[in-house]
Amino acid sequence: MARKTVNMIDTFSEFKDLKNIDRITLMNVMEESFRNVLAKMFGTDKNFDVIINPDKGDFEIYRNREVVADDELENPNTEVSLSDARKIDEDYQIGEEFTDNVDFLSFGRRAILNLRQTLSSKILDLQKDGVYSKYSEMVGTVVSCELYQIWKKEMLLLDEEGNELYLPKSEQIPSDFYRKGDNVKAVIVLVENTNNNPKIIVSRISPVFLERLFELEIPEIQEGLITIKKVVRIPGERAKVAVESYDDRIDPVGACVGIKGSRIHGIVRELRNENIDVINYTTNPSLYIQRALSPAKITSIRINEESKKAEVFVRPEEVSIAIGRGGTNIKLAGQLTGYVLDVFRDIEDEEIEDIYIDEFNDEIEQWVIDTLKSIGCDTAKSVLAIPKEELMSRADLEEETVDDVIKILNAEFEIE
């Protein structure tokens, strides 16, 4: 019987090792599990002493009962008759406490099964609590996990301990492509706990992911010599990162990019060739906007601090560069600086005034005007400054529509 007891404890120890539960916690859970089973069998466990011996890997259970007269015995679990007590020791008297060892395994297979189920349930709850606590403290941390399963709306990842993490489709870079068994790098963004079932959500499109990659790859950021002020992204397309150095001897942009892009190359590759602009942060809003709109060259800026708007003037050939493909450059520059940016063609001939495109709504349909404004073309000359083919592509307009618009605008300036 003792051999069976040791085997049962060994099984629990193996379970403990697999679930990374410390020794003391396991002993407490085992005692609680025994008490739950005893309470179910006898109505109470208060008169039982459960002793777990982790060093020997066994346990002992003792039951304490009051000695009563033979004709007064009512509850055999809490009382023992005087005659039965004196079979063990003739010196027992009525009212004394009688303690005997309980052979748990003699309660039968059902009791043992009940014990195992109770213990397994408590161990599982402890494991879930541990996972939730661990990953709640890791929000904002980059992890590298194995891709275990691919579903339509999300991917299931497993960490080194077999814990499940989820990468939703909405948190994947559009050009991401993985196969089962691949290692996936992402940042933990959310840890949910519904009905004690923790769910860990990771992301590859979060600006925090890019920020953490910089921290991992750039020693000066790890050492605190360079600080990341802000990160904005259009995942898989373009990103802008504002950095600042508190040491005048360190060029923050150069340190992040590295010689011939050596330091940033790994980050770009991880983000599926996302174009990353590293910008030297400044508290001067005009200079900050100018740097944020790089690689476009700005000729002048008018800033309205109250409305947080800025009018940016560039040479005609720089308009498309400032706006960027699909408006990405101006959009990210605005997010980075906190200003609403409008790009205008710098008019060299002061005598020829520009005209806001809204004034042509009697000749050009409003939806076409709205489309042109969405790509940064707020004035007639800002539209005319863009080649026809590029205008068709960026605004996604038919050639006939673009021809009509150009004809109407040229007529205003009497251009053949």
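Here the structure is a predicted model, which is why all the values come from computation and not from measurement. (Residues numbered from 1 in each chain as written. Predicted model: local features only at pLDDT ≥ 70, side-chain atom pairs only at ≥ 80, totals over all residues. Heavy atoms only, no water.)

**Description of the side chain of Glu318**
Inspection of the secondary structure puts Glu318 in the loop between strand S14 (309-314) and helix H10 (319-323). Lys297 provides the closest opposite charge to the buried, unpaired Glu318, separated from it by 5.6 Å. The contacts of Glu318, once residues within four sequence positions are left out, are Pro295, Ala296 and Lys297. (Helix = DSSP H or I, 4+ residues; strand = E, 2+ residues; numbered from the N terminus. Buried < 20%, exposed > 50% of the residue type's maximum accessible area, 1.4 Å probe, protein only. Lys, Arg positive; Asp, Glu negative; His and termini not counted. Salt bridge = Lys/Arg side-chain N within 4 Å of Asp/Glu carboxyl O. Contact = heavy atoms within 4.5 Å.)

**With respect to unusual backbone geometry**
Residue Pro295 is reached from Ser294 by a cis peptide bond, and omega for that bond is 15 degrees. As for its placement among the helices and strands, Pro295 is situated in the loop between helix H9 (285-292) and strand S13 (298-304). The backbone of Arg272 shows a phi angle near 60 degrees, a positive value even though the residue is not glycine. Along the chain, Arg272 turns up in the loop between helix H8 (265-270) and strand S12 (275-280). You can call Arg272 partly exposed: its relative accessible area is 27%.

**A word on the pairing of strand S10 (residues 226-234)**
When S10 meets strand S11 (residues 238-245), the two strands line up antiparallel, connected through eight bridges. Its bridge partner lying in S11, Thr227 is registered against Glu244. The hairpin turn running from S10 into S11, its antiparallel successor, is three residues long, and Gly236 in that turn takes a positive phi close to 85 degrees. (Pairing = 2+ DSSP bridges.)

**Some words on the sheet that holds strand S15 (residues 340-345)**
Here three strands make up an open sheet; going across it, the order is S13-S14-S15 and the pairing mixed. Two strands close off the open sheet at either side, each with one partner strand: S13 and S15. For this sheet, the mean angle separating the axes of adjacent strands, direction not counted, is 20 degrees. Across six bridges, the pairing between S13 and S14 is antiparallel. Within S14, the position partnered with Ile303 by the bridge is Ala310. Strands in contact with H9 are S13, S14 and S15; relative to S13, the strand with the most contacts, it is inclined by about 130 degrees. (Axes fitted to C-alpha atoms, helices over the stretch in contact; angles between N-to-C directions.)

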